[in-house]
Protein chains: 2
Amino acid sequence: MRPRIVEVRQNILRKNDVLAAALRARFEAAGVFVASFVSSPGAGKTAFLERTLERTGGTRRVAAMVGDLATECDADRLRRSGAPVKQITTGTVCHLDAEMIDRAIESWMPAGLEWLFIENVGNLVCPASYDLGETLRAVLLSVTEGEDKPLKYPSIFNTADVAIVTKIDLASAVGFDRDALLQNVERVRPGLPILELSARSGDGFNAWLAFLERAAAARPLVAGTTGA
Amino acid sequence: MRPRIVEVRQNILRKNDVLAAALRARFEAAGVFVASFVSSPGAGKTAFLERTLERTGGTRRVAAMVGDLATECDADRLRRSGAPVKQITTGTVCHLDAEMIDRAIESWMPAGLEWLFIENVGNLVCPASYDLGETLRAVLLSVTEGEDKPLKYPSIFNTADVAIVTKIDLASAVGFDRDALLQNVERVRPGLPILELSARSGDGFNAWLAFLERAAAARPLVAGTTGA
């Protein structure tokens, strides 16, 4: 049984990778920069995305897609920013895949869109295997989750372009050991950029927005490299 | 492709269910009460289990199995309680299944064991589908994760026998809305028992241990019902 499921899974991943590459080309052709966010449930992805939409919406045409097993809760929260938001409900599926993004875009892609943010289902394991055609993938990790998470969930850190430590306003309340976390990220993914912020206080958002701007500006280069 | 993966998945689940039923019968015959814990990464399962082992180890023969993608971190922490602990590393697999438990027991089952605790991989989605042969399944949810989690991850709440709210010592620091969480659990699983505790302060552990004792005492009845 084991070999068969592995074979099926690899076929699915292969199909996903093909579709993700097509999506990436399509985003690139349309001039859309795509950043995706993965984390545990409750790491603060939605609050982080709310503030990111508010801070970027004034100068950029931004939009968001958000994946959850059930409910429109997150989309409702995010729409308060004024940006177009598309909820993808996955039922029992524990991650977003390229086909879901493709289908969502088919029926919904705001005209003149510049930056698209994709919030994955809260899951620190399965989303690692699915390329969504994004240009930048950020893994979020809150100070309340424990400093050992990079060691225990290495695959998600291996697919990310940046790690974002969230809820730093709670760091002292939870006895967060910053050095230990930074060391653990470095052990799993040497050189991975790490940002630290709080969506509640806004601390660290200037650095995050500057990072986003640089990633978006570097995009044609990245896309050229990928396409070569 | 979709129908094929669904078919394969159902075969695996069927195989898992058969094996889990055999495991349950075996635990019952050996007089072992088994409780499993599922949650997001970082909800505090290991700290909760550490204190549970410390509090029960004096009067009961207890042991623990703990699932993680990688590392022996959790087993090392739990062994400090003095209880036998078995680490199961799953590689890239996002959940424990009955076969992993079966294999672990084959090579490791302390003599005279009374209570076995199983800590699943940190994942609020996939473990819902896998019966481990446990008598009691608890879903843990920390006050830092947001009150909307039951609505967004209903399947895991539907397979649990009790919900445990963790890290209540942080409730005021994070602005935890207790009423909202209780209502959301009730919406998804009317009547599900809910316990609230802190592994750091120890608050709520007396009620949890009393709950465990009742569940263990009620076990022959439950097993009789299941077996009939």
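Up top is the structure.
Everything in this summary refers to the structure shown in the same document.

The rules we used
Residues numbered from 1 in each chain as written. Chains lettered and ligands numbered in written order. Predicted model: local features only at pLDDT ≥ 70, side-chain atom pairs only at ≥ 80, totals over all residues. Heavy atoms only, no water. Helix = DSSP H or I, 4+ residues; strand = E, 2+ residues; numbered from the N terminus. Buried < 20%, exposed > 50% of the residue type's maximum accessible area, 1.4 Å probe, protein only. Contact = heavy atoms within 4.5 Å. Areas by Shrake-Rupley, 256 points an atom, 1.4 Å probe, with all protein chains shown as cover. Lys, Arg positive; Asp, Glu negative; His and termini not counted. Charge placed at Lys NZ, Arg CZ, Asp CG, Glu CD. Pairing = 2+ DSSP bridges. Right-handed = clockwise from strand over helix to strand, strands pointing away. 1 Å grid on protein atoms, 1.4 Å probe; cavity = no way out; pocket = protein on both sides within 12 Å on 5 of 7 lines; lining within 4 Å. Points joined across faces, edges and corners; volume = space filled by probe spheres on them. Nonpolar A, V, L, I, M, F, W, Y, C, P; charged D, E, K, R; others polar. Polar contact = N/O pair within 3.5 Å; in protein donor to acceptor, adjacent residues only side chain to side chain. Disulfide = S-S within 2.5 Å. Salt bridge = Lys/Arg side-chain N within 4 Å of Asp/Glu carboxyl O. Buried area = accessible area lost by both parts, 1.4 Å probe. Axes fitted to C-alpha atoms, helices over the stretch in contact; angles between N-to-C directions. Least-squares fit on C-alpha atoms with pLDDT ≥ 70 in both. Core = buried A, V, L, I, M, F, W, Y, C linked by side-chain atoms within 4.5 Å.

Quick word on the overall build of chain A
Regarding its fold elements, chain A presents nine helices and seven strands. Each principal axis of the C-alpha atoms in chain A carries an extent, and together these give about 50 × 45 × 40 Å. A burial count over chain A gives 53% of its 228 residues as buried. Contacts spanning at least 24 positions in sequence make up 74% of the contacts within chain A whose residues lie at least 6 apart. For chain A, the accessible surface area stands at approximately 9100 Å², while carbon and sulfur atoms represent 52% of it. Of the side-chain charges in chain A, 27 are positive and 28 negative, and the distance between the mean point of each set is 2 Å.

Section: the pairing of strand 3 (residues 85–89) of chain A
Residues and elements named next belong to chain A. Two strands pair when backbone bridges link them, and strand 2 (residues 62–68) and strand 3 are joined in this way by five bridges, in the parallel orientation. Across the sheet, the residue bridging to glycine 67 is isoleucine 88, located in strand 3. Regarding topology, helix 3 (residues 73–79) serves as the crossover connection from strand 2 to the parallel strand 3, and that connection is right-handed.

Side note on empty space enclosed by the protein
Applying the stated criterion across every chain yields a total of one cavity of 30 Å³ or more. Computed from the structure, the largest cavity encloses a volume of approximately 30 Å³. Every residue lining the largest cavity is listed: Pro41(A), Gly42(A), Ala43(A), Ser142(A), Thr144(A), Glu145(A), Pro41(B), Gly42(B), Ala43(B), Ser142(B), Thr144(B) and Glu145(B). Looking at side-chain class alone, the lining of the largest cavity contains four nonpolar, six polar and two charged residues.

A look at the pairing of strand 6 (residues 162–166) of chain A
Residues and elements named next belong to chain A. With respect to burial, strand 6 is a largely interior element, five of its five residues being buried. Burial of strand 6 is two-sided: the residues Val162, Ile164 and Thr166 facing one way and the residues Ala163 and Val165 facing the other way are all buried. In the sheet, strand 5 (residues 136–142) pairs with strand 6 via five bridges, with the strands oriented parallel. Paired with leucine 140 across the strands is isoleucine 164, a residue of strand 6. Here strand 6 pairs with strand 7 (residues 194–196) via three bridges, running parallel. Looking at strand 7, one finds that isoleucine 164 is bridged to leucine 195.

Comments concerning the side chain of Asp97(B)
All names here are of chain B. Looking at the secondary structure, you find aspartate 97 in the loop between strand 3 (85–89) and helix 4 (98–107). By relative accessible area, aspartate 97 is classed as buried at 9%. Polar contacts involving the side chain of aspartate 97 include one to the main-chain amide nitrogen of glutamate 99, which spans 3.1 Å.

Some words on the state of the cysteines
Residue and element names in this part refer to chain A. Under the counting rule described, the total for this entry stands at zero disulfides over all chains. Here cysteine 73 is not disulfide-linked; the sulfur of cysteine 94 is the nearest cysteine sulfur, at 19 Å. The class of cysteine 73 is partly exposed, set by a relative accessible area of 24%. For cysteine 94, which is in no disulfide, the shortest distance to another cysteine sulfur is to cysteine 126 and amounts to 3.5 Å.

Considering the pattern of salt bridges
Per the stated rule, a full pass over the model turns up 36 salt bridges over all chains. Here Arg80(A) ties to Glu50(A) by a salt bridge, and the two come within 3.8 Å at their closest N and O atoms. Pair noted here: Arg80(A) is in the loop between helix 3 and strand 3 and Glu50(A) is in helix 2 (residues 45–57), with a separation of 30 residues, a long-range link. The residue Asp102(B) makes a salt bridge to Arg26(B) at a minimum N-O spacing of 3.3 Å. Here Asp102(B), found in helix 4, pairs with Arg26(B), found in helix 1 (residues 2–29); they are 76 residues apart in sequence, far enough to count as distant. The structure contains a network of salt bridges with shared partners spanning Asp68(A), Asp74(A), Asp148(B), Lys149(B) and Lys152(B).

Observations regarding the interface of chain B and chain A
Counting residues at the interface gives 45 residues for chain B, matched by 45 residues for chain A. Both faces combined, the contact of chain B with chain A buries some 3500 Å², and carbon together with sulfur accounts for 59% of it. Between the two partners, chain B and chain A, sit four salt bridges. Applying the counting rule to chain B against chain A returns 11 residue pairs in polar contact (both at pLDDT 80 or more). Breaking the side of chain B that touches chain A down by element, the ones donating at least two residues are helix 1, helix 3 (73–79), helix 5 (149–152), helix 6 (154–158) and helix 7 (171–174) of chain B.

Describing the sheet that holds strand 3 of chain B
Sheet strands associate in pairs through backbone hydrogen bonding, adopting either a parallel or an antiparallel arrangement. Residues and elements named next belong to chain B. Ordered in space as 3-2-4-1-5-6-7, the seven strands form an open sheet in which the pairing is parallel. Strands at the two margins of the open sheet, each flanked by one partner only, are strand 3 and strand 7 (194–196). With direction set aside, neighbouring strand axes in the sheet form an average angle of 20 degrees. Sheet contacts for helix 2 (residues 45–56): strand 1 (33–38), strand 2 (62–68), strand 4 (115–119), strand 5 (136–142) and strand 6 (162–166); angle to strand 4, the most-contacted strand, approximately 170 degrees.

Notes on the relation of the copies chain B and chain A
Overlaying chain B with chain A gives an RMSD of 0.0 Å, the required rotation being 180 degrees about an axis along which the chain moves by 0.0 Å. Such values leave the two copies arranged in the relation of a two-fold axis. Comparing interface residues between copies, 100% of those in chain B also sit at the interface in chain A, which points to an isologous, same-surface contact.

Quick look at the nonpolar core
Of all hydrophobic cores here, the largest spans 52 residues; its most connected members are Val139(A), Ile156(A), Phe157(A), Val139(B), Ile156(B) and Phe157(B). Ile156(A) has contacts with Val38(A), Asn123(A), Leu124(A), Val125(A), Pro127(A), Ala128(A) and Val139(A), leaving out every residue within four places of it along the chain. Among the nonpolar cores identified, the runner-up in size contains 30 residues, and Ala75(A), Phe117(A), Ala138(A) and Leu197(A) belong to it.

Things to note about the sheet that holds strand 7 of chain A
Residue and element names in this part refer to chain A. Across the sheet, which stays open at both edges, the seven strands sit in the order 3-2-4-1-5-6-7 with parallel pairing between neighbours. Each edge of the sheet is formed by a strand with only one pairing partner; in this case those strands are strand 3 and strand 7. Each neighbouring strand pair of the sheet contributes to a mean axis angle of 20 degrees, computed without reference to strand direction. Sheet topology places strand 2 next to strand 4 (residues 115–119); five bridges connect them, and they run parallel. Bridged to alanine 64 within strand 4 is phenylalanine 117. Set on the sheet, helix 2 makes contact with strand 1 (33–38), strand 2, strand 4, strand 5 and strand 6; between it and strand 4 the angle comes to about 170 degrees.

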